Structure formats: C-alpha cells, structure tokens
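Below, each chain spelled out in residue letters.
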Amino acid sequence: MIYRRDIDGLRSIAIIPVVLFHAGISSFSGGFVGVDIFFVISGFLITSLMVSEIKEGRFSIVKFYERRLRRLYPALFVTLMVTSIFCAMILTPDDFLYFSKALLSATLFLSNVFFYITTGYWATPASSNILLHIWSLSIEEQFYIFFPLFLLLGMRLKRGGYLKIMLVIFFFISLFLNQWAAADHLAAAFFLLPARAWELLLGAILALGVLPVSSRKIWHEGAGLLGGGMILTSIFLYTDVANSLGFTMLVPCLGAALVIYAGMAPTGPTFVSRMIGVSPLVMIGRISYSLYLFHWPIITLWTYRLDRPTNNMDIFLWIISSLVLSYFSWRFIETPFRKSVYFSRRIIFVSALVGAMVLTLFGLFGVTSNGWPARYPELALKFWSAAPVNPRPQCMASKAMVTGNQYCTYGSQTVAPTWALWGDSHSERLVGLLDEMASSRGIALTYFGHGGCPPFGGIGNIGQPTCYQHNQQALGDILASKTIKNVILSGYYSLYLEGRFDLLDQSKAVDVLTDQRRQLLSREKMIEVYGNAVRSTVSSLIAAGIHVHLVYPVPDTGFDVPKAMVRHLMAGQDPFALTVPFEQYKKRNQVIMQIFDELPDSPLLSRIYPASVLCDSQSCRTSDGQVPLYHDSNHLSADGARLLVPLLHFE
C-alpha cells in the first residue's frame, strides 16, 4: 500500500482537537469528534491493506494480528504500566479499586463494555477516570476480531458486489442503531460496538471503491474542501457529546471520508491534501497514537493532585509533556517493534502474552486488596470509612419499581406509612437516619428515591429515561395515599440547571432538566419548567392536606472532600481547615432558591435550610473537626446528614 502523507496529516487534524478538548480549551468544544475521525481512518487503512493482500494472495489471519500487536501493544503496555505505577502511588483506595477494574478491562480490550456498565449518575468523574480513553481502542479491536474473516470470505467467494452491498447495509443498521440509542441509551450509543461500527465501516466502504475515483480533479478538490469544512465545523461548533451522536456525527465522519477520497485523485495531490501533508502535521500524525495514549493519563493524574482550578500554565505543561513523551514513545517503542528485523513474530506474541499477564496480575491485586488501603495512615482511612447512608441501596428506583409500584417502606413494617421521602441521591443521604428514627418511634416512611431525578411532578432528566415517569408515579401515589401526611422533598437541584460543579472538571453533566417530551430545552425554558413543576407539586400536596418539608440545597464544594482532606493530611496541612465560600453557594443555587423563596407561606410548608447548620455568613465547613461531613463534593456523609435530620421535626 502506497504511503499517503495526507492521511498522517488527517491523523494530526484528529488528535490535536482531542488533546485540546481534553485540556479544557473551550474554543475546541467539539474536539471529541477526533476519535470518530480516527475510526474512519482506521477502517479505510486496514481495509485497504487487507484488500491488497487478499488480491495478491498474501493475506494471513496470523500475520494480520501480528501486525496489530506490533502496531498497538508495545506503546499501550508501556502506557498502562507507567500509569499503574503512578496510580498506586497517589490514588485513594476507592479510586485505585476502580482503576484496577478499568485496567483489567483495558488489558482484555473490553474497556468500552466496562465503562458502559459503570457509566451514569454514579459514574467516576472524567477528571479521575484515568483509563477512560482506552474505550476507543477496545471498539477497534472488537471490530477487527470479525471483520477480517468477513472480508476474506466475501472476496474469496468472488462476490465483490454483494460484499459492498452487505457493508453498506451494515453501515446503515449501525448508524440507525446509534441514532435510536442516542435518545434513551446514551451510554450504549457512545460505548458499544454495534452503535459505533458504522464509523469504521464508512472507511471500509471507501476502501472498497463504493465511491469510484474520478478522473476529473475538480471533483476531488471539491470533496477535500467540503470534507475539511465539515471537520472544522464539527470541531468548533459542536458542544456536547450527548447531542452529537447519531446522524449529527455524520458531519465529521463524512468529512474525514471526503478528505481521504480527495487524496485518491489520480491527477496529483489536491489543495487540501497538500495543506494537511505539510511536515509539522505529518509528524504529529505519526506520533498521534502515542499522543492519544499518554495525554489523558497526564491530564487526569496532574489534576488529581490539585486543590485548585487548573490554569493556562497547567494546560501548557500538559501539552508539552504529552508531545515529548509521545515522540519518545513513537521513536523508541512504536518504531522498533513494527520492524520484524528487531523482533520476530514469536517474540511479539510471547511478549504480548507476558505483558497482558503482568497487567492482569497488577489489576487483580488492586481489586482483591480492595484498592490497597494499607498505603495510607489510619486517620486517612477514617476519612473514607463513612457509614453507609442507605441500609437498602436497592430501593433507589428502577424501571421495575416505577412501573410496578414497588417503592420501599422504612421504619416500622407493621403500620401504614405516614411519611414519605421523595428525591434523588441527596435524599438518600437522609434515609438511613430516618429509618432508625422511624423504627424507634413506631412509624413508617415510604421512600420514592431515583438517582439523578429532581423530586417534582412534570419534569425529568435527559440522562435518566425513567425519571419523568417516576416523578409522575411518586406524586400520584402520595396524593392517592390515605395515610401519608408528611412529605420530605430533597434533591441536588442545581445539577439539573448548572451541571456538575467540579473545580477540576468544568464539563457539564448529561443530567439536565427536561419535560415529558424528553427534549433538550433552552436555559430560559428549563427555568420556566422547573419553577412550574415546583409550584405545581408543592401546591398539589398542600391542597391534599399534606405537610411539605422542603429541603433547600446542600452546599456544593467543587471538590471531593475526603480526598482533599487526605491530600492536606499527607502534605502536613490541617485537613479540617477546608471550607467553601458562602457566596459560591448562593451564586450556584440562586435560581432554585428564588423559586423556593417565592412559594407562598403556609402552615403546611416547612422550609429546611442545610446552610443553617453547615455555613456561617462567610463560609461553609466541610468537616466537624473529626470526620468529613461530605461523602464527595456534594453528597453529605452520614455525619453530615445527622446535622440535618433534627431540622425535619420527624415524629
């Protein structure tokens, strides 16, 4: 296969936005499409090489996988091994446990499946998910388990026309599957091969000549300009991964295919091919694989140790260190292993097996040791050893509960519930203590809990498919109850308007407010819908003679409190001195508190202010001088929740 400088240049056009997007440079808001461009490039190059070898009678499955190992595994092993060592040095036990599981999945090229299973409301934040980027490599390797056999069989049966038709059919099936999944199954649309295969198949279809090469250079010039424009448009105008799946992702992928097609002109390089074939871009393209591997662990491990927002100097150092390490990886790891003169096939397969075993043992150690807590002093472990807040975590709503009216009752099991607790995971902070109190007082409480779901009728969460239905079910059940006379409403209210608050990770969450149509709303519309839902829910409950205990927002800190306390402890600083500005709390919750404050007073409305026990006029504390009051950046620990319960007058 003839070497094409423009494809290395296209690799650089793919990797540069990815790195800058991950570094938090806002002008590259759609930089995530670089991964999709890589998929198209991979499908084209690998298919082109296989087709050439099959036609010449030189294709071998063993040789194919040898080439894949030479290309991918050496740099991947070094990245995973070095990252594992650093993680063992600095990660907390819970994060090291999660990393160890991610390492095992990466070793088996199942990262995408692992992150699909573990993603969602309780997912580890991207800023501390150190192997998150390996999901794309897993997609590729899973694809190339079956595709070479399919291609070989199709070409040897002399059914080239049928082969092209079949690939086009599979392309559209996968594309429409991605579009369908993007509506209600975001994680599947993003992480799983069936919904991503169309991007690799697009490159394969191009390699098989479904779009014939034109002898008129103007067609290739036009294709290159159009494709380049499509890529740049998506890089600079796309803003959200969740809203860029399905048909929307056709823009950068078709753009990449058109740029590749432009470079196939028989009359010489096109303008775009020459532009992206300049030496600096070609060089970055050559190191793009190592750059992809190294940049994300550098960013995440760097930010993991910070107790402050990142700045421009951090970004500059991330990029420089990533480029330097990537060059050395390409020069001294990738390049030698690709050449059979240095390493025979036997050495490649044996070393890959040994490397996989080493990584597997490392991962198993992290899992079986429960994150290796022996690395830390006893006081640090105390910060992480908060008692569980919910004795029955399975009682957070599932679809079966929503559709089958199977919500859990806490406290006494011999009397009808007179109290209800309705909310998201912030309400779950209270349920364990309320369970104890209800049991001791001979009363019962029904828990209407759903993660990532604000506790008001008429609204839902774009990232939680059953949220709207759950809220309608909860409100209906409470109003229909003949015994429930008190309802506690508790939620992470700011999440659904402002996104997650993380000083180190400014990306917005998928958990955003929506109505029954489950469509994205403008901020103004979200505020309107939110206000209407709060007013309607509270007034409906009060009209039914039910006492509403409205819990105002719990202060966000913007950082994981137990981890920050441990970092301060290990640095010889006072871990109990961590506070957050009270003004920060008021600013983040300004909209929802205004909605709450404007509710008319009523004997059946009690306003519960967490800030009254957590804050003074200047700051909000994060510990009580002995233990953290938070489980993470926003969820209270059992000790923190214990401060709120007396405010509820639960009796």
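Coordinates for the structure precede this section.
Now for a quick tour of the structure. The numbering scheme is per chain: residues are counted from 1 as the chain's sequence reads. Totals for whole chains, interfaces and linings use all residues, but because this is a predicted model, local features are given only for residues with pLDDT of at least 70 and pairs of side-chain atoms are given and counted only at 80 or more. Side-chain figures throughout are based on the complete set of non-hydrogen atoms in the structure, without hydrogens or water.

So, on to the packing of helix 22 (residues 523-543) against helix 25 (residues 590-597). Lines fitted to C-alpha atoms define the axes, with helix axes restricted to the stretch in contact, and inter-axis angles between N-to-C directions lie between 0 and 180 degrees. Strands are runs of DSSP state E lasting at least two residues, helices are runs of H or I lasting at least four, and both sets are numbered from the N terminus onward. The interhelical angle for the contact between helix 22 and helix 25, taken along N-to-C directions, is 35 degrees, at an axis separation of 10 Å. Of the two possible hands of crossing, helix 22 and helix 25 adopt the one that is right-handed. Residues Arg523, Ile527, Tyr530, Gly531 and Val534 of helix 22 form the contact with helix 25, whose participating residues are Val591, Ile592, Ile595 and Phe596. Grouping the constituent residues of the contact of helix 22 with helix 25 by class yields seven nonpolar, one polar and one charged. Should the near helix be turned counterclockwise from the far one by less than a right angle, the crossing is left-handed, whereas a clockwise turn marks it as right-handed. Any two residues having at least one pair of non-hydrogen atoms within 4.5 Å are treated as being in contact. Ten residue types, Ala, Val, Leu, Ile, Met, Phe, Trp, Tyr, Cys and Pro, are classed as nonpolar, four, Asp, Glu, Lys and Arg, as charged, and the remainder, Gly among them, as polar.

Right, let's talk about the side chain of threonine 303 for a bit. On the secondary structure map, threonine 303 appears in helix 14 (residues 288-304). Polar contacts, as counted here, are pairs of nitrogen or oxygen atoms within 3.5 Å of one another; within protein the pair requires one atom able to donate a hydrogen and one able to accept it, and residues that are adjacent in sequence qualify only if both atoms are side-chain atoms. At 3.1 Å, the side chain of threonine 303 forms a polar contact with the backbone oxygen of threonine 300.

Spatial ordering of the open sheet is given by 1-3-2-5-7-9, a layout of six strands whose pairing is mixed. Edge positions in the open sheet fall to strand 1 (408-411) and strand 9 (605-608), since each of these has one partner strand only. Each strand of the sheet is rotated relative to its neighbour by a mean of 20 degrees, with strand direction disregarded. In this analysis, strands are considered paired if DSSP registers two or more bridges between them. Strand direction decides the pairing type here: strand 2 (residues 419-423) and strand 5 (residues 486-490), joined by five bridges, are parallel. By the bridge assignment for strand 5, tryptophan 419 is matched with asparagine 486.

On to the state of the cysteines, then. In this description, the term disulfide denotes a pair of cysteine sulfurs within 2.5 Å. Going through the model one piece at a time under the given rule, you end up with two disulfides. Between the sulfur atoms of cysteine 453 and its disulfide mate cysteine 467 the distance is 2.1 Å. One disulfide, between cysteine 453 and cysteine 467, carries an S-S torsion of 90 degrees and so falls in the right-handed class. You can see cysteine 453 sitting in the loop between strand 3 (444-449) and strand 4 (460-461) and its partner cysteine 467 sitting in helix 20 (residues 467-480), a full 14 residues away along the chain. Any residue under 20% of the maximum accessible area for its type is buried, any over 50% is exposed, and the rest in between are partly exposed; the area is computed with a 1.4 Å probe on protein chains only. Note on cysteine 453: relative accessible area 1%, which makes it buried. Here cysteine 615 is linked by a disulfide to cysteine 620, with a sulfur-sulfur distance of 2.0 Å. The chirality of the disulfide connecting cysteine 615 with cysteine 620 is right-handed, given an S-S dihedral of about 100 degrees. Residue cysteine 615 is classed as buried on the basis of its relative accessible area, which comes to 16%. Here cysteine 620 falls in the buried class, since its relative accessible area comes to 0%.

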